[in-house]
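Overview (structure and organization)
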Amino acid sequence: MALFWKRKNKERFVTLGLNEPTLTRAEEQSTPALNQSTAKLEQPAALSSTNAAPIVATTPALEPAPTGAAPTPLPSRETHTVTDAPHSTATTSPITPQSINRSAEESVQPATPPVKSVPSRSPFASSILGLDKSIEELQAEEAALEQALAARFRRAVAATRESLSERIDTVFQNRKQIDAELLDELEEALIAADIGVPTTLHILDTVRRGIARQQIGDIDALKQAIKSELLSILKASEQKGVASETSVPDNVAPYVMMIVGVNGVGKTTTIGKLAQRIKAEGNDVLICAADTFRAAASDQLAIWAERTGVPLIQQKQGTDPAAVLFDSLKAAKARNSDVLIVDTAGRLHNKSNLMAELEKMKRVANREVEGAPHETLLVVDAVTGQNGLEQARQFLKVAGITGIVLTKLDGTAKGGIAVAIAKELNLPIRYAGIGEKVDDLVVFDPEQYVDSLFD
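Residues numbered from 1 in each chain as written. Predicted model: local features only at pLDDT ≥ 70, side-chain atom pairs only at ≥ 80, totals over all residues. Heavy atoms only, no water.

As a further point, take the side chain of Glu368. Mapping Glu368 onto the fold places it in helix α14 (residues 352-368). Not counting the four nearest positions on each side in its chain, Glu368 is found in contact with Phe326, Leu329, Lys330 and Lys333. (Helix = DSSP H or I, 4+ residues; strand = E, 2+ residues; numbered from the N terminus. Contact = heavy atoms within 4.5 Å.)

Written out as structure tokens, the structure reads:
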């Protein structure tokens, strides 16, 4: 399954190398770099040099051992085995520099048993990193997770699918041809799904052209034409705003996400879910509680911060939100955080003072971190339908919205608002809430969304 947060490059991950086989003794000797380092350790210059005689001459003469045994050879640096010197009943021969060299050469090259290579599989019985699993097992798990996510998303938009797809089926029931009456009923079905009047008229215009060219003559062709048009609208919206966090270079840190929206749309819950999912993939996340206007805002955010284990920067009620953001940016840079998520006051689009406050916060962020805020996400409740679209229009004028988070998509038959936002505002849908659990915030996939509406 694709990562929720894709900004961290592979170079920033630590490679443990636990699955890499260990080199055998023969392979080590065949490696020039290893041979050179071994030679330096095993062949001291004082022993192997041909001019070693003057050094030995200054050393006191060695006396033979009382038992008549020869001096014990020097032990090898690479083995703990000791080779016994042969005993001799004859008188020990005189010690010379040449005999010392021969003994040293024999001792530093002992016969060692071959080392067995480590198997390619990790020896651990289980691992949270998946190090105990083969590539095939990991790929099978990814495929299963993708299927589970697709099934959950399909269930989330079930109400919208029933409103749209089943109405289209009803429109075509007992009909053999597409006429003006059928198109009127189709228009009603699209508007009921909250796709919006302008978007609906655009889709119907495409359908009429297809009928004129005799490309649409049955229900399957009609559904395919609608799906293609919906997908093209959603894909076109990604050309503006911020469609992916990877558009910001990795050397810019922290990545600042500013979350805006009116009260009651699920803004605090969205922040908690974002923090949890981004942190779960190995990123250091920090939350800034800059909503000092509402008394319970910081308390609610503190509960989510404790639940997800993410640090929270907050101050008392009434503090300047820009000052809280400034402190949070300093803290994020001091701890090398990857992501800073900023909560803002649940402001109405007709409150000019709150909108001015938001603009001040953006100036502070841009002064402290290059390009910040890198995303300004507007949280929209899918249940509100066209009212949410009007909120988005007003926020876009003053807040510089770069993307949409569509919450409560599982609780409405008006999920077509995603298409209306994409068409009328040219803003990408970045995330979608499909449930109450902490992992029920998913990256919005246009293809998956459109397929779920009709399949």
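Now, onward.
Next up on the list: the packing of aromatic side chains. Counted under the stated rule, the structure contains three aromatic pairs. Consider the rings of Phe444 and Tyr449, whose centres lie 5.2 Å apart with planes at 45°: the pair is tilted. Taken individually, Phe444 and Tyr449 each receive the classification buried, so the pair is uniform in this respect. The ring of Trp304 carries Arg307 above its face, with NZ or CZ at 4.5 Å from the centroid. (Phe/Tyr/Trp six-rings, centres within 6.5 Å; stacked < 30°, edge-to-face > 60°. Buried < 20%, exposed > 50% of the residue type's maximum accessible area, 1.4 Å probe, protein only. Lys NZ or Arg CZ within 6 Å of the ring centre and 35° of its normal.)

Attention shifts here to a nonpolar patch on the surface. Side chains of Ile191, Val197 and Leu201 sit close together on the surface and give an oily, nonpolar patch of about 240 Å² of accessible area. Position of Ile191 among the secondary structure elements: in helix α8 (residues 180-192). (Patch = residues over 30% accessible without salt bridge, like charges linked within 9 Å, V, L, I, M, F, W, Y side chains within 5 Å. Areas by Shrake-Rupley, 256 points an atom, 1.4 Å probe, with all protein chains shown as cover. Salt bridge = Lys/Arg side-chain N within 4 Å of Asp/Glu carboxyl O.)

So, on to the pairing of strand β2 (residues 285-289). Burial analysis of β2 places five of its five residues in the buried class, which makes it a mostly covered element. Residues Val285, Ile287 and Ala289 point to one face of β2 and Leu286 and Cys288 to the other, with burial holding for every one of them. Taken together, the five bridges between β2 and strand β4 (residues 339-343) define a ladder with parallel strand orientation. Bridge pairing in β4 links Ala289 to Asp343. Each parallel crossover has a hand, and for β2 linked through helix α12 (residues 297-308) to strand β3 (residues 312-313) it is right-handed. (Pairing = 2+ DSSP bridges. Right-handed = clockwise from strand over helix to strand, strands pointing away.)

As a further point, take the packing of helix α11 (residues 267-279) against α12. Taken N-terminus to C-terminus, the directions of α11 and α12 make an angle of 20°; their axes are 9 Å apart at the nearest point. As the angle between them shows, α11 and α12 are arranged roughly parallel. At the point where α11 passes α12, the crossing takes the right-handed sense. Touching Thr268, Thr269, Ile271, Gly272, Lys273, Gln276 and Lys279 of α11 are Gln300, Leu301, Trp304 and Thr308, all from α12. When grouped by side-chain class, the residues that make up the contact of α11 with α12 number three nonpolar, six polar and two charged. (Axes fitted to C-alpha atoms, helices over the stretch in contact; angles between N-to-C directions. Parallel < 35°, antiparallel > 145°, perpendicular 65-115°, else oblique. Left-handed = near helix turned anticlockwise from the far one by under 90°. Nonpolar A, V, L, I, M, F, W, Y, C, P; charged D, E, K, R; others polar.)

As a general feature of sheets, a regular strand has side chains that alternate between the two faces. Taking burial as the measure, the five residues of strand β6 (residues 403-407) include five buried ones, the bulk of the element. Residues Gly403, Val405 and Thr407 point to one face of β6 and Ile404 and Leu406 to the other, with burial holding for every one of them. Taken together, the five bridges between strand β5 (residues 375-381) and β6 define a ladder with parallel strand orientation. Bridge pairing in β6 places Leu378 opposite Ile404. Note that β6 and strand β7 (residues 429-433) share three bridges and pair parallel. Of the residues in β7, the one forming a bridge with Ile404 is Ile429. In terms of handedness, the path from β6 via helix α16 (residues 417-425) over to β7 forms a crossover that is right-handed.

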